[in-house]
Amino acid sequence: MNRLDLNLLVIFDAIMIENSIIGASKRLNMTQPAVSNAVTRMRHLLGNQLFIKHGRGIKPNAFAQNLWQKIHNPISDIKDAINPDAFSPSRIKRRFRVAAPDIIVDLVWLPLREIIEKEAPHVDILAMPLPLAERNRILKDGKADLVICLNKYLDSTDRKNKVTSTF
């Protein structure tokens, strides 16, 4: 591209997502002729046809598909940075390893699991035993994502650095 116009890449991304100029115009809240003009500009700047007629619609050529593979994720990342979605536990997909003494697991695990199943159905929580001899290293070594233990079992360094969650 001689003169980089990021708006053209956003329009191109929308066309590729919608697989249609009309769909892209609706997605971008633009007129269909404005999107068509953007495609014409892109073709001229890139020196490539980008799309071929396919029935009543268009189909991306190999160059367009390759270009889209390179720009789609960065464009999505920029959009997410500017307009982040509100936090929603229901969309999180993750596994958490929680190290805790048996008594804590007996007291809180069932209610915790019920809340997580309801609010964050794609989150897995795994209980791990908490050997007292390893309580100060388990987070530092990445063996668990969360350690729950009584404050009296933490050494002064961990209390000062707030390395673990405590009750």
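What counts, and where the lines are drawn
- Each chain carries its own residue numbering, running from 1 in the written order of its sequence.
- It should be noted that, the model being predicted, local features are given only for residues of pLDDT at least 70 and side-chain atom pairs only at 80 or more, the latter also being counted only at that level, while totals for whole chains, interfaces and linings use all residues.
- Excluding hydrogens and water, the side-chain values take into account all heavy atoms of the structure.
- Note on geometry: axes are lines fitted to C-alpha atoms, helical ones only across the stretch in contact, with angles between N-to-C directions running from 0 to 180 degrees.
- A run of H or I in DSSP counts as a helix once it spans at least four residues, and a run of E counts as a strand once it spans at least two, with each numbered from the N terminus.
- With respect to orientation, any angle under 35 degrees is reported as roughly parallel, any angle over 145 as roughly antiparallel, any angle of 65 to 115 as roughly perpendicular, and every other angle as oblique.
- We call a crossing left-handed when the near helix sits turned anticlockwise from the far one by less than a right angle, and right-handed when that turn is clockwise.
- Two residues qualify as a contact provided that any one of their heavy atoms is within 4.5 Å of a heavy atom in the partner residue.
- Charged residues are taken to be Asp, Glu, Lys and Arg, nonpolar residues to be Ala, Val, Leu, Ile, Met, Phe, Trp, Tyr, Cys and Pro, and polar residues to be all remaining types, Gly included.
- pLDDT: the predictor's confidence for each residue, scored from 0 to 100.
- Only protein chains enter the area calculation, which uses a 1.4 Å probe; residues under 20% of their type maximum are buried, those over 50% are exposed, and those in between are partly exposed.
- Exposure above 30% relative accessible area and no salt bridge define the residues that can form patches, which grow by joining like charges within 9 Å and nonpolar side chains of Val, Leu, Ile, Met, Phe, Trp and Tyr within 5 Å.
- For the accessible areas, the method is Shrake-Rupley and the probe is 1.4 Å, while residue cover comes only from the protein chains on display.
- Each reported salt bridge corresponds to a side-chain nitrogen of Lys or Arg within 4 Å of a carboxyl oxygen of Asp or Glu.
- Expected span of a helix: the number of residues minus one, times 1.5 Å.
- To get the bend at a residue, fit one axis to the 7 residues ending there and another to the 7 starting there, then take the angle between the axes.
- For this analysis, a ring pair means two rings from Phe, Tyr or Trp (six-membered ring only for Trp) whose centres lie within 6.5 Å, classed as stacked if their planes differ by under 30 degrees, edge-to-face if by over 60, and tilted for the remaining angles.

Novice: I would appreciate a short explanation of the packing of helix 1 (residues 6–18) against helix 2 (residues 21–28) in the present structure.
Specialist: Each pair of packed helices can be summarised by the angle the axes make with each other and by the distance between the axes. At a minimum axis distance of 8 Å, the contact between helix 1 and helix 2 shows a crossing angle of 120 degrees. By the angle class used here, helix 1 and helix 2 are oblique. Between helix 1 and helix 2 lies a crossing of right-handed hand. Contact residues: Val-10, Ile-11, Ala-14, Ile-15, Ile-17 and Glu-18 in helix 1; Ile-21, Gly-23, Ala-24, Arg-27 and Leu-28 in helix 2. Here the residues of the contact of helix 1 with helix 2 are counted per class, giving eight nonpolar, one polar and two charged.

Novice: How should I be thinking about the confidence of the model for the chain in this particular structure?
Specialist: Low pLDDT means the predicted coordinates in that region are not meant to be read closely. Per-residue pLDDT for the chain has a mean of 85; in total, 88% of the residues score no lower than 70. With pLDDT under 50 throughout, residues 163–167 is counted as low confidence; its partners more than four residues away or in other chains account for 17 contacts.

Novice: Sorry if this is basic, but what is going on with unusual backbone geometry here?
Specialist: For residues besides glycine, phi is generally negative; the peptide bonds are generally trans as well. Phi is positive for Asn-19, close to 60 degrees, though the residue is something other than glycine. Mapped onto the elements of the fold, Asn-19 is located in the loop between helix 1 and helix 2. Not every positive phi belongs to a glycine, and Leu-50 is a case in point at roughly 65 degrees. Here Leu-50 is to be found in the loop between helix 3 (32–46) and strand 1 (51–54). By relative accessible area, which is 0% here, Leu-50 ends up buried.

Novice: In this structure, what is going on with the side chain of Ser-25? I would like to understand it.
Specialist: With respect to the element layout, Ser-25 can be found in helix 2. With near-sequence residues (within four places) excluded, Ser-25 lies in contact with Met-30, Thr-31, Gln-32 and Val-35.

Novice: Where do I start with the packing of helix 1 against helix 4 (residues 62–82) in this structure?
Specialist: Close contact between helix 1 and helix 4 brings their axes to 9 Å; oriented N to C, the two are set at 110 degrees. By the angle between their directions, the pair helix 1 and helix 4 is classed as roughly perpendicular. Across the interface between the two elements, Leu-9, Val-10, Phe-12, Asp-13, Met-16 and Ile-17 of helix 1 pack against Ala-64, Gln-65, Leu-67, Trp-68, Ile-71, His-72, Ile-75 and Lys-79 of helix 4. In terms of residue class, the contact of helix 1 with helix 4 is made up of 10 nonpolar, two polar and two charged.

Novice: Would you mind showing me how to read a nonpolar patch on the surface here?
Specialist: A cluster of nonpolar side chains, Ile-103, Leu-107 and Val-108, forms an exposed patch at the surface whose accessible area comes to about 290 Å². Within the fold, Val-108 resides in helix 5 (residues 102–119). A relative accessible area of 36% places Val-108 in the partly exposed class.

Novice: What is the right way to look at helix 5 in this model?
Specialist: Because each turn of an α-helix spans 3.6 residues, side chains separated by three or four positions in sequence point in the same direction. Helix length check: helix 5 (18 residues) gives 25 Å between terminal C-alpha atoms against 26 Å at 1.5 Å per residue, within 8%. Along helix 5, the largest kink reaches about 50 degrees and is centred on Val-108; proline Pro-111 follows within four residues of it. Packing partners of the buried residues in helix 5 comprise strand 3 (94–100), strand 4 (123–129) and strand 5 (146–149).

Novice: I'm lost on the side chain of Asp-13 in this one. Help?
Specialist: Within the element layout of this structure, Asp-13 appears in helix 1. Under the relative-accessibility criterion, Asp-13 is labelled buried at 1%.

Novice: Explain the packing of aromatic side chains to me, please; I cannot follow it from the model alone.
Specialist: Two measures describe an aromatic ring pair: the distance that separates the ring centres and the angle between the ring planes. One pass over the full model with this rule turns up one aromatic pair. Summarising the aromatic geometry, the rings of Phe-12 and Phe-51 are spaced 6.0 Å apart at their centres and angled 50 degrees between planes, so their arrangement reads as tilted. Placement of the pair is Phe-12 in helix 1 and Phe-51 in strand 1, with a sequence separation of 39 residues. The residues Phe-12 and Phe-51 share a single accessibility class, namely buried.

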